[in-house]
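Here are the chains, one letter per residue:
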Amino acid sequence: VSSAKPLPPYAKWKDADSMIVHSANTIETRRNAFGSSGITPLDRLYIRNNIAPPSEDIMKDPDAWKLEVSGVKSPRSFTVAELKSLGLASVTIVLQCSGNGRGFSEHKPSGTQWTVGAAGCVIFTGVPVKAVLEATGGMADGMVYMTSTGGEEIPPGLDPKSIMVERSVPVSGIEDAILAWEANGEPLPLAHGGPLRVIVPGYAGVNNVKYVKHVAFTKEQSPANIQQSSYRFSPIGVKGTPEFDSIWEMDPKSWVTLPSDPGVPVKAGRVQISGVAMGGMSEAKKVEVSVNGGKDWQEATLTGPDLGKYAWRGFVLAADLKPGKYELASRVTNADGTSQPEMRKENNRGYMNNSWRDHMVTIDVA
Ligand code: MSS
């Protein structure tokens, strides 16, 4: 199946057959295209841009890209080459858009109608934020957020606050954060935030600011719309404001990836039902699978390498299926003992849907 819309130029290198192109800025991985190794190949990883990405020109000399660091005792700027001398760390994370699963919400929230594919598991490599703090004398007194600004050009005549991508996360979240220049062993491509990207493990996609040009430790959250009103858990029909929680830490979530080929019946007999499971802020510990829409559950086997608490795990359950229709569901429990809920937490923009019922897939066995 090839996508109806073509891949935009900056994402031409993606595997078109694995992607659903919603728009030039929103490209989803097909449910059957995650692979089963635990790591999502970059050419199948989803893309989400809130505004058009910067020109490919910024990738000509990635080591020369400049990052400004402020809200520290000795503010200064660093080139990527200089950052590379400060430290090195790799972290495997689930990168997941806050809106992943929005397409299952009944109230049809505005925004991309993602199903399962605005997520992937990626090994990012870069310098620990803590090493950058050490090199700048530590945070200035009283700072409680790390506020990162994306490197997009703001078109003249627009109020920067209305479109700039600038996100604040509580400093409690930066323990394992890095500034990354590499993904899955490759130089970080522009589409995923090259030359330099903030990675806040465990936090929803939007907090991982791409082409980051400024990291500031601040007392207040960013005044940008993307912080103040978007990405907030407001009730259905209510616009986001700072009184509602910001979309930060992710929840446990899993879904079946195979079999899920649309319109292709599965051969009766032994079927390996597999998928991916993330724990959110602690590791995915246990996955249960149901073949009858959540009436009965069986414990699945975790597969693949354990790449740490922020990564997802593969899982598999072997089932002997006679001809018929089956509703395949999965439910993960993390190390903190939190299980994926049956129902989504309703909110205006359909953020953070982790309902196992919404994520079921129906297959025909023949
Ligand atoms: N960054 C920047 N700079 N810009 C933009 O737009 N977006 C967000 C993040 N970051 C942005 C940034 C989002 S929103 C998301 S998801 C992510 O990113 C994605 O990623 P990729 O790589 O996949 O594309 Mo939702 O929550």
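Residues numbered from 1 in each chain as written. Predicted model: local features only at pLDDT ≥ 70, side-chain atom pairs only at ≥ 80, totals over all residues. Heavy atoms only, no water.

Enquirer: Is there a simple way to think about the nonpolar core in this case?
Expert: Proteins that are soluble and globular tend to have nonpolar side chains buried together. Core analysis: the biggest nonpolar cluster contains 41 residues, and Leu83, Met146, Leu179, Leu196 and Phe217 have the highest contact counts within it. At the level of elements, strand S1 (19-23), strand S4 (66-70), helix H1 (80-83), helix H2 (129-135), strand S8 (145-150), strand S10 (178-183) and strand S13 (212-218) are the ones that each hand at least two residues to this core. It is H2 that contributes the most residues to this core, 4 residues altogether. (Core = buried A, V, L, I, M, F, W, Y, C linked by side-chain atoms within 4.5 Å. Buried < 20%, exposed > 50% of the residue type's maximum accessible area, 1.4 Å probe, protein only. Helix = DSSP H or I, 4+ residues; strand = E, 2+ residues; numbered from the N terminus.)

Enquirer: Before we go on, may I ask you to explain the site of the ligand in this structure?
Expert: The ligand sits among 22 residues. The nearest are Asn50, Cys97, Ser98, Glu152 and Lys210. The side chain of Ser98 places a nitrogen or oxygen atom 2.6 Å from an oxygen atom of the ligand. Within the side chain of His192, one N or O atom sits 2.7 Å away from an oxygen atom of the ligand. Grouping the amino acids of the shell around the ligand by side-chain chemistry returns 11 nonpolar, 7 polar and 4 charged. (Near = heavy atom within 4 Å. Polar contact = N/O pair within 3.5 Å; in protein donor to acceptor, adjacent residues only side chain to side chain. Nonpolar A, V, L, I, M, F, W, Y, C, P; charged D, E, K, R; others polar.)

Enquirer: Got a minute to help me understand the domain arrangement of the chain in this structure?
Expert: Many authors give the size of an interface as the accessible area that is lost as the parts come together. Domains assigned within the chain are domain 1 (9-228) and domain 2 (253-365). The C-alpha-based centres of domain 1 and domain 2 are spaced at 27 Å. Between domain 1 and domain 2, the contact holds 35 residues from the first and 31 residues from the second. Put simply, domain 1 and domain 2 have 1 salt bridge between them. (Domains from an automatic or database assignment. Contact = heavy atoms within 4.5 Å. Salt bridge = Lys/Arg side-chain N within 4 Å of Asp/Glu carboxyl O.)

Enquirer: Any chance you could explain the sheet that holds strand S19 (residues 312-321) here in plain terms?
Expert: Strand pairing in a sheet takes place through backbone hydrogen bonds and is either antiparallel or parallel in direction. Spatially, S14-S15-S19-S18 is the arrangement adopted by the 4 strands of the open sheet, whose pairing is antiparallel. Strand pairing shows two members of the sheet lacking a second neighbour, strand S14 (253-258) and strand S18 (301-303), which therefore form its edges. For this sheet the average axis-to-axis angle between neighbouring strands, irrespective of direction, equals 35°. (Pairing = 2+ DSSP bridges. Axes fitted to C-alpha atoms, helices over the stretch in contact; angles between N-to-C directions.)

Enquirer: Which parts of the structure should I look at to understand the side chain of Ser246?
Expert: Note on placement: Ser246 falls in the loop between helix H4 (225-228) and S14. Contact partners of Ser246, with chain neighbours within four places excluded, come to Arg167, Gln227, Tyr231, Arg232 and Phe233.

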